[in-house]
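Commentary on secondary and tertiary structure
Given next are the chains, with one letter for each unit.
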Amino acid sequence: MSGAQPEKSRGRRGKAVCALLLATSMFALLRPASLHAQETELRGEVSESAILSDQQRKARQLALATQGQQQSANTAQDDTPPRTYLPASAGAVPDDTGTDAATGSIFDPPQATDDTATDNPTPPKPRRRPSTAGQNATGQDKAKADAKTADKSKKKKKATAATTATTQAATDDSDSAVADQEAANRRALTVDSADRQKLDPGAERTAAIEGQNKKAEDDPFQPTGVKWGSFVIRPSIEQGMTATTNGDSSSAGTSALLSETALRFTAVSDWRENSATIDGYGLFRETVSGYRVHDAQGRIEGQLNVDLDNELRAIAKLGYEAVPETASSPNAIAGVSTQPLRQTIDGSLGLEKAVGKMQYTLTGAVSHDFYGDAELSDGTTLSQKDQDNTLYTATLRAGYEISPALTPFTEIEVGRRAYDQRIDNEGFERSSTRLGARAGLQLDMGEKLSGEFSAGWLREAIDDNSLEPISGATVNADLKWSPERGTTIGLTGKTTVETTTTAGESGDILYSGRLTAERQIRANLTANAALGLDWRDYVGIDGHDRILSAETGLTWWLNRYAGLTSRVRTEKLTSNLPGRDYTANSIYLGLKVQR
């Protein structure tokens, strides 16, 4: 019994200790504590930059720890005494209190704070008093350490220098490793980062790309044209009504209301070296009321410019024209319902050569006229085949370039007119030989003044000796002058030899002159005016005709493609021959469409 009692008392004491530990644990669990999430600021959103900086900090610490382990292994292999670990930054090792060092991460446990507002301040960690046995063991260890200190002092002095150098190298390696780690974790730049600039909040909105530095058009109502192969075609159509006091511009003409339709087009090549142009028009007039008029006329011509070798240039032209004989023409037939149609096919080929300041041009031309039959009032026809003829000419021009703007020249022309019917219906041989000479000046001052004018003499001798030769002075001009922007003044002059099959008459010389002016009042409003003077001198008889004309008009463009056009015209012919005088006044209003 006495032997079992001590065992029972030990059991009771053990149970009491267990109960005390259990009660202490329950009290610790029930003790209120501050929320760790609130202390670490995890309540709400966590920014991406905070998480990224925390990861970079841990990566740097891991790199430093790895380098420290490698250096320790290398030191042990070299049989050198172990060196004391020196941290790269303060606070990297725990304090003597035994508390864990804070890493600065957002996930570290809360630290003690002096904030009195904290509900549950963190109590200091209790420290145990050392026992007597522990104090004795500490004293013995201290004595042994003092004994060994003297022996190791010399070794430590030798190792200090090596440790310092190693520490410096480790610090440099750690810095480079941190830099490499930061470079590896740096966010890559975008492709357009070099072009992206900070926007000025006060800056205006950037304009569209196609709207930047856009040059204003010189003529915003000029037709754009239609691309067709290697040509740009600019067609137009004009439809209107004409009220006139003389339907066909003749001595017997009366008032009429006419419908007029005009078709025009221009085609320009888009070639790199050579060039070509094609121009054409068609005019149709039909009576709506009043004097009967029914006619149509038109022309088409093309020109080709080819640059050859050795500063040689070739110019080729080809054209076709169909025009009814006018009632005021010397060849008009009286008492017919329809005048005969005159058709002309013409072509030329020229070569230009520049030798220093000298310029030479040799041109050969052919023009063939053939006439249709005239319709008489009784329904019969009258043949005009005896008027068909062909004119062959060759012209040589020589010019000297005084300056790029002035080039005087002289020109010699020889030719032959051959009739298809050698002897006409009246028994005359109408074929003739042509000879002429001219001198003039060519101007090239850009848009200000350009063109040429010449004067000379022309003689056409008829094979039939009973007919006088057609001869006289010649004047030709084609000038354009622009005194100011938007204004163009033109002067044209031409001398033409007109043949006839009238018995006893050789023909006549017609001098034609036109003075034109065009003014762009506004971008969409253009005014034009023209003055004309024609003088016809008959050969073989004492007769002459004088024709005066004046015209003015306006064109108002609704847009680039359509516009309203109007013109007023007056024309008067005065002749010393009977039955030729007439006066014609007209007004026109129409719509023009272009592309």
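Small disclaimer: the values here were computed from a predicted structure and weren't measured.

Right, let's talk about the overall build of the protein chain for a bit. When helices and strands are counted, the protein chain shows four helices and 22 strands. Classification of the 595 residues of the protein chain by burial places 25% in the buried group. Here the protein chain has roughly 40,100 Å² of accessible surface; of this, 56% comes from carbon and sulfur atoms.

Right, let's talk about a nonpolar patch on the surface for a bit. A surface patch of nonpolar side chains, amounting to about 680 Å² of accessible area, comprises I237, L263, F284, W556, L558, L564, L591 and V593. Note on placement: I237 falls in strand β2 (residues 231-244).

Ranked by size, the top nonpolar core spans five residues in total: L458, I470, V497, I509 and V539. Look past the residues within four positions of I470 in its chain and what remains in contact with it is L458, R459, E460, V497, E498, S506, G507, D508, I509 and V539.

Take the pattern of salt bridges next. Opposite charge on two side chains makes pairing possible when the charged atoms of those side chains draw close. The tally for this structure, following the rule as stated, stands at 28 salt bridges. The shortest N-O distance in the salt bridge between R416 and D463 comes to 2.8 Å. Taken together, the residues span a long stretch of sequence, with R416 in strand β13 (residues 406-419) and D463 in the loop between β15 (449-462) and β16 (470-481) at a distance of 47 residues. Judged by its relative accessible area of 33%, R416 falls in the partly exposed class. The exposure class of D463 is partly exposed, given its relative accessible area of 31%. Of the charged contacts in the structure, one is a salt bridge between E460 and R417, with a shortest N-O distance of 2.7 Å. With a gap of 43 residues between them, E460 in strand β15 and R417 in strand β13 connect regions that are remote in the sequence. The exposure class of E460 is buried, given its relative accessible area of 2%. Judged by its relative accessible area of 6%, R417 falls in the buried class.

Okay, the environment of S506 next. Secondary-structure assignment places S506 in the loop between β17 (487-499) and β18 (507-522). Residue contacts for S506: discarding those within four places in its chain leaves R430, I462, L467, E468, I470, T500 and V539. Engagement of the side chain of S506 in a polar contact is seen with the backbone oxygen of E468, the distance being 2.7 Å.

Turning our attention to the side chain of S431. By secondary structure assignment, the location of S431 is in the loop between β13 and β14 (432-444). The exposure class of S431 is buried, given its relative accessible area of 8%. A distance of 3.3 Å separates a polar atom in the side chain of S431 from the backbone nitrogen of Y419. Residues contacting S431, with those up to four places away along its chain left out, are R416, R417, A418, Y419, A461, I462 and D463.

Our next topic: unusual backbone geometry. The phi angle at S249 is positive, at roughly 55 degrees, despite the residue not being glycine. Considering the arrangement of structural elements, one finds S249 in the loop between β2 and β3 (256-269). The phi torsion at E311 lies on the positive side, around 55 degrees, for a residue other than glycine. Position of E311 among the secondary structure elements: in the loop between β5 (294-307) and β6 (312-324).

About the criteria used
Residues numbered from 1 in each chain as written. Predicted model: local features only at pLDDT ≥ 70, side-chain atom pairs only at ≥ 80, totals over all residues. Heavy atoms only, no water. Helix = DSSP H or I, 4+ residues; strand = E, 2+ residues; numbered from the N terminus. Buried < 20%, exposed > 50% of the residue type's maximum accessible area, 1.4 Å probe, protein only. Areas by Shrake-Rupley, 256 points an atom, 1.4 Å probe, with all protein chains shown as cover. Patch = residues over 30% accessible without salt bridge, like charges linked within 9 Å, V, L, I, M, F, W, Y side chains within 5 Å. Salt bridge = Lys/Arg side-chain N within 4 Å of Asp/Glu carboxyl O. Core = buried A, V, L, I, M, F, W, Y, C linked by side-chain atoms within 4.5 Å. Contact = heavy atoms within 4.5 Å. Polar contact = N/O pair within 3.5 Å; in protein donor to acceptor, adjacent residues only side chain to side chain.

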